[in-house]
Amino acid sequence: MEHLTNADGLLGYYIGIYIITFLFGITIGSFLNVCIYRLPAGESLTKKNSHCMTCGAYIKWYDLIPVFSWLILRGKCRACGSKISGRYILVESLTGILFFLTFLRFDVINDGLIYPAFICIFIAGLIVIGFEDYDTQEMTIGVLLYLAIVAALARIGSTLLPSEFRGSNVSLTDGLIGMFSVSVPFLIFGFVLTPLIYSLAVSEDHKAARKLRKRLKKEKLTEKEAEKLQKALDTHIEAIKETGPVYGFGMGDVILMAAGGLMLGWKATVVAAFIAVIFGAVYAVILKAKAKHSDNEENIKAFAFGPFLVIGLVLASFFGTELMDMYIEYLTVPQIPDYYLG
Ligand SMILES: [Zn+2]
C-alpha cells in the first residue's frame, strides 16, 4: 500500500512538472515572438506596450496571455477585428511543447534539473534563430552569441559540476570536437565549394552571362548590338550578385553549428546536420516543383537553411548522441567473437 501511495505521489509530481514547464514555455515563447520581430529590425526588446499592427491600439494585459488570448480572440484584434498572425500562437505553443518534451526526455530525478533547463534555454535561442532566418535569411549576431555563451556555460558547468549536470552525456572533449565537426565542413562547403560549383554549372544567370561574354568576345558585332549584349550581361551579373550562392551555407550557419557542437557534442551535431540536410533537400525539391508551375519570383528565390539546422539541433538534443552511438555500434557489431581468435 505504501508503495502505491509513493507511485501516486510521484505521478502527481511529474504531471506538475510537465504542466509548469509547458506554461513556462508558452510564456517564454511570447517573449521569443517579440525577439523574432524586433531583433532583425534592430528594435529594442525593452520597449514596452505591444500594439495591434493594423489599428495601433495598445493590447491590454488580459489579451497578452500566451496561447489562450489568441484562442479566446480567435486570432483577431479586440479593437479593430483585423487578423493577428498565427505566428504568435505557433511560436508560443512550439516553445511550450519543446520545453515539455525536454522535461519528458530528461528525467528531473535521474538527470537533475540543471541540464534540461540548459537545453530549454538553448532551444529558446534556436527558435529565434530559426524564425529569423526563415523570415529574413539572416541571423542576428546577438542571438548567435547567446547560443555560444549558453553552450560554453553548459560545457564548463558539466566539466566542473558533473553531478549537477548528470543529464548531459557530453564530455569537454566531445564538446570541443563538436565545435568544429560540422562548422568546419560547412565553412569549406559554403565558402569554397558551393560558389565554385554554382559558378560552374548551376545558375541560369551564370550560364547566360557566360554565353553573353563569349558572344561579346568572339562575334563581330555592331556597336549597337554590343551595347545591347553588354546591358543584358550587366543585368545577369546584378542578379548573380543579388542571389548569391543559392544552396550554400552562410556564416550564421557556421557559427550556429559551432555553438550546437559545443552544447551537444560532436555526435549529436553530426546527427543534427544529417537531419537538416535530409529535410532541407526534401524542401528544396518541393520548392523547385512549385517554382516550375508558378511565375512567382518568391518561389524561385534562395531559401534559408537555418530553420532545418534548428530542427536538426532540437531533435538531436533529445536523442542525437544515442542515435550516433547506435550507428557506431551497428557499424562495429559484426566483429569476430573472441573465442574464434583463440
Ligand atoms: Zn487592431
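Above this text you will find the structure in question.
Here's a quick rundown of the structure. This one's a predicted model, so the numbers in the text were calculated from it and none came from an experiment.

Basis of the calculations
- Residues numbered from 1 in each chain as written.
- Predicted model: local features only at pLDDT ≥ 70, side-chain atom pairs only at ≥ 80, totals over all residues.
- Heavy atoms only, no water.
- Helix = DSSP H or I, 4+ residues; strand = E, 2+ residues; numbered from the N terminus.
- Expected span 1.5 Å × (residues − 1).
- Buried < 20%, exposed > 50% of the residue type's maximum accessible area, 1.4 Å probe, protein only.
- Arc of directions from axis to C-beta.
- Donors = N, O, S within 2.8 Å, 3.2 Å for Na, K, Ca; no water.
- Tetrahedral: all angles 85-135°; square planar, octahedral: opposite > 155°, others 65-115°.
- Core = buried A, V, L, I, M, F, W, Y, C linked by side-chain atoms within 4.5 Å.
- Contact = heavy atoms within 4.5 Å.
- Axes fitted to C-alpha atoms, helices over the stretch in contact; angles between N-to-C directions.
- Parallel < 35°, antiparallel > 145°, perpendicular 65-115°, else oblique.
- Left-handed = near helix turned anticlockwise from the far one by under 90°.
- Nonpolar A, V, L, I, M, F, W, Y, C, P; charged D, E, K, R; others polar.
- Salt bridge = Lys/Arg side-chain N within 4 Å of Asp/Glu carboxyl O.
- Phe/Tyr/Trp six-rings, centres within 6.5 Å; stacked < 30°, edge-to-face > 60°.
- Lys NZ or Arg CZ within 6 Å of the ring centre and 35° of its normal.
- Lys, Arg positive; Asp, Glu negative; His and termini not counted.

1. A closer look at helix α9 (residues 204–218)
For α9, with 15 residues, the first-to-last C-alpha span of 21 Å sits near the 21 Å given by 1.5 Å per residue. Within the span of α9, buried status applies to His206, Ala209 and Leu212. Seen end-on, α9 carries its buried residues on one side only, within an arc spanning 130 degrees. Structural note: α9 exposes Glu204, Lys211, Lys214 and Lys218 on the side pointing more than 90 degrees away from its buried face.

2. Focus on the coordination of the zinc ion
Taken together, the protein ligands of the zinc ion are Cys52 (SG), Cys55 (SG), Cys77 (SG) and Cys80 (SG), with distances of 2.3 Å. Around the zinc ion sit 4 donor atoms; with metal-centred angles ranging over 106 to 118 degrees, the donor geometry is tetrahedral. Counting the intervening residues between successive donors of the zinc ion yields the motif C-x2-C-x21-C-x2-C.

3. Section: the nonpolar core
Core analysis: the biggest nonpolar cluster contains 55 residues, and Leu126, Ile129, Phe186, Leu256, Met257 and Met263 have the highest contact counts within it. At the level of elements, α1 (2–38), α3 (87–105), α5 (114–136), α6 (141–160), α11 (251–292) and α13 (306–332) are the ones that each hand at least two residues to this core. It is α11 that provides the largest number of residues to this core, a total of 13 residues. If we skip the residues at most four places from it in the chain, Phe186 touches Phe191, Phe249, Asp253, Val254, Met257, Ala273, Phe305 and Leu309.

4. Examining the environment of Ser50
Take Ser50: it is sitting in the loop between α1 and α2 (68–72). Here the alpha-carbon distance between Ser50 and Val34, two residues 16 residues apart in the chain, equals 8.9 Å.

5. A closer look at the packing of α3 against α13
α13 packs onto α3 with a crossing angle of 15 degrees between their chain directions and a minimal axis gap of 10 Å. Taken together, the axes of α3 and α13 lie roughly parallel to each other. In this structure, α3 crosses over α13, and the sense of that crossing is left-handed. The residues of α13 that touch α3, namely those facing Leu98, Leu101, Thr102 and Arg105, are Val314, Phe318 and Glu322. A per-class count over the contact of α3 with α13 returns 4 nonpolar, 1 polar and 2 charged.

6. Digging into α5
Spanning 23 residues, α5 covers 33 Å between terminal C-alpha atoms, matching the ideal 33 Å at 1.5 Å per step. Counting buried positions along α5 gives 17 out of 23 residues, so the element sits mostly inside the fold. The first or second residue beyond α5 is Gln137, which carries a positive phi of 60 degrees.

7. Observations regarding the packing of α5 against α13
Contact geometry for α5 and α13: axes closest at 8 Å, N-to-C directions at 160 degrees. When the interaxial angle is binned, α5 and α13 end up roughly antiparallel. In this structure, α5 meets α13 at a crossing whose hand is left-handed. Residue-level contacts link Ile119, Ile123, Leu126, Ile129, Gly130, Asp133 and Tyr134 of α5 to Gly306, Pro307, Val310, Leu313, Val314, Ser317 and Phe318 of α13.

8. A closer look at the side chain of Thr21
Here Thr21 shows up in helix α1. On the basis of relative accessible area, Thr21 is assigned to the buried category, the value being 9%. Excluding residues that lie within four positions of it along the chain, Thr21 makes contacts with Gly96, Phe99, Phe100 and Phe103.

9. Details of the pattern of salt bridges
Overall, the coordinates contain 5 salt bridges when judged by the stated rule. Between Arg105 and Glu322 there is a salt bridge, and its shortest N-O distance comes to 3.0 Å. Remark: Glu322 occurs in helix α13 and Arg105 occurs in helix α3; sequence separation between them is 217 residues.

10. Some thoughts on the packing of aromatic side chains
Any aromatic ring pair is given by two values, namely how distant the centres are and how the planes are angled relative to each other. Evaluation of the coordinates by the stated rule reveals 11 aromatic pairs. Each ring, one from Tyr13 and one from Tyr14, has its centre 5.7 Å from the other, and the planes form 70 degrees; the classification is edge-to-face. Ring geometry for Tyr18 versus Phe100: centroids 5.4 Å apart, planes at 90 degrees, classification edge-to-face. Pair noted here: Tyr18 is in helix α1 and Phe100 is in helix α3, with a separation of 82 residues, a long-range link. Overall, Phe100 belongs to the partly exposed group, its relative accessible area being 27%. Here the aromatic cluster, defined as three or more aromatic residues joined through ring pairs, consists of Tyr13, Tyr14, Tyr18 and Phe100. It is Arg105 that lies over the ring of Phe106; its NZ or CZ is 4.5 Å from the centre.

11. Concerning the side chain of Asp133
Along the polypeptide, Asp133 turns up in helix α5. Arg87 provides the closest opposite charge to the buried, unpaired Asp133, separated from it by 12 Å. Discounting residues that sit within four places of it in the chain, Asp133 has contacts with Glu138, Met139, Asp253, Ala304, Phe305, Gly306 and Pro307.

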